[in-house]
Amino acid sequence: MGMRGELLYEGKAKRVYRTEHPDLYLVEFKDDATAFDGLKKGVIAGKGEINAQLSALLFRKLEKEGIATHFVELVGPREMLVKALKILPVEVVVRNIAAGSLSRRLGLAEGTPLRTPVVEFYYKSDELHDPMINEDHIAALDLAGPDEVKEFKARALKINEVLTRLLEPAGLVLVDFKLEFGLHRGRLLLGDEISPDTCRFWDRDTGEKLDKDRFRRDLGGVEEAYASVYERISKVVG
Ligand code: UDP
């Protein structure tokens with residue numbers, strides 16, 4: 001099942017291989033990390049394993065809550081078997097608290113709570129550096145269909161609710177996160193990963209950043225932060 005076939009794609013943090021089953025891919029999570037559009041490069045020891053294990057745990061939880069994902073099973077410490085997806089070129093970001101690019105763009109201090117969750121779309125394009133787009137751009141460029149855009153938003157908000165609730169007893173605040181969706185045999189599934197690489201997690205009591213911002217901003221304690229997030233979440237997931 002987990003036999004590696006041809007390497008289909010190598011990204012910054014993952015490799016995707018074919019398997020002997022045409023409907024299944026194998027995703028290998030790497031320790032490599034990049035930031036600022038690839039300008040900053042590094043290694044976060046143990047990250048591949050933590051992101052694979054944490055993503056698996058969160059995908060299982062989302063499936064239980066009725067959200068269809070590409071996850072099939074873990075086949076190694078950092079190897080995940082997934083349903084083969086044709087990833088749609090739209091990144092879906094959900095925000096609960098201002099941080100990162102939203103803080104910069106709208107002049108909001110990091111940590112400013114947003115009155116309602118904000119959903120944003122970005123065009124996945126390395127050459128264009130992932131510009132922000134809206135639903136009209138998605139339609140005009142035919143990046144996804146109108147029903148898919150509605151689903152992006154509905155599912156992103158549902159995922160936000162499930163994850164926010166799940167993280168509460170772990171003492172973690174879900175500040176924002178990024179999702180990718182793809183098509184598998186005509187069905188829209190959540191793909192990619194859910195990890196400290198793609199989410200901002202803050203400690204509820206101290207506000208300490210426990211995610212990739214520690215790497216992006218040279219805050220130190222990067223490995224410890226990833227390990228702490230995994231330990232805390234795995235403890236509260238039944
Ligand atoms: N994000 C991501 N991949 C990207 C861009 C953003 O996973 O290519 C995540 C990021 O980790 C954060 C959220 O999406 O949790 C919002 O990121 P933001 O737009 O603030 O960008 P940043 O300031 O991180 O560049």
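Everything here concerns the structure above.
A brief structural summary. Since this is a predicted model, take the numbers as computed values, not measurements. (Residues numbered from 1 in each chain as written. Predicted model: local features only at pLDDT ≥ 70, side-chain atom pairs only at ≥ 80, totals over all residues. Heavy atoms only, no water.)

Secondary-structure assignment places Asp211 in the loop between strand S13 (199–203) and helix H5 (213–216). With a relative accessible area of 0%, Asp211 lands in the buried category. Taking the C-alpha atoms as reference points, Asp211 and Ala225, separated by 14 residues in sequence, lie 6.4 Å from one another. Beyond its immediate chain neighbours, meaning those up to four positions away, Asp211 contacts Pro196, Cys199, Arg200, Phe201, Trp202, Ala225 and Tyr226. (Helix = DSSP H or I, 4+ residues; strand = E, 2+ residues; numbered from the N terminus. Buried < 20%, exposed > 50% of the residue type's maximum accessible area, 1.4 Å probe, protein only. Contact = heavy atoms within 4.5 Å.)

The next point concerns the pattern of salt bridges. Evaluated as defined, the whole model comprises 31 salt bridges. Of the charged contacts in the structure, one is a salt bridge between Asp32 and Lys30, with a shortest N-O distance of 3.7 Å. According to the relative accessible area criterion, Asp32 is partly exposed, its value standing at 31%. According to the relative accessible area criterion, Lys30 is buried, its value standing at 8%. For Arg95, the salt bridge identified is with Glu120, shortest N-O distance 3.0 Å. Of this pair, Arg95 sits in strand S8 (residues 86–97) while Glu120 sits in strand S9 (residues 113–123), placing them 25 residues apart in sequence. Exposure remark for Arg95: the relative accessible area of 4% places this residue in the buried category. (Salt bridge = Lys/Arg side-chain N within 4 Å of Asp/Glu carboxyl O.)

Here we take up the side chain of Thr69. For Thr69, the location among the structural elements is in the loop between helix H1 (47–64) and strand S6 (71–76). Look at Thr69 and you get buried, because its relative accessible area is 0%. A distance of 3.1 Å separates a polar side-chain atom of Thr69 from the backbone nitrogen of Phe71. Every residue in contact with Thr69, bar those within four places of it in the chain, is listed here: Phe59, Leu62, Glu63, Lys83, Leu189 and Leu190. (Polar contact = N/O pair within 3.5 Å; in protein donor to acceptor, adjacent residues only side chain to side chain.)

Time to look at the sheet that holds strand S1 (residues 7–10). One open sheet accounts for five strands, arranged S1-S2-S3-S7-S6; its pairing is antiparallel. The sheet is open, and its two edges are formed by S1 and S6, each paired on a single side. The mean angle between the axes of side-by-side strands here comes to 25°, regardless of whether they run parallel or antiparallel. With three bridges connecting them, S1 and strand S2 (residues 14–18) associate as antiparallel partners. For Tyr9, the partnering residue across the bridge sits in S2 and is Val16. Helix-sheet contacts for H1 involve strand S3 (24–29), S6 and strand S7 (79–83), and the interaxial angle to S6 is about 150°. (Pairing = 2+ DSSP bridges. Axes fitted to C-alpha atoms, helices over the stretch in contact; angles between N-to-C directions.)

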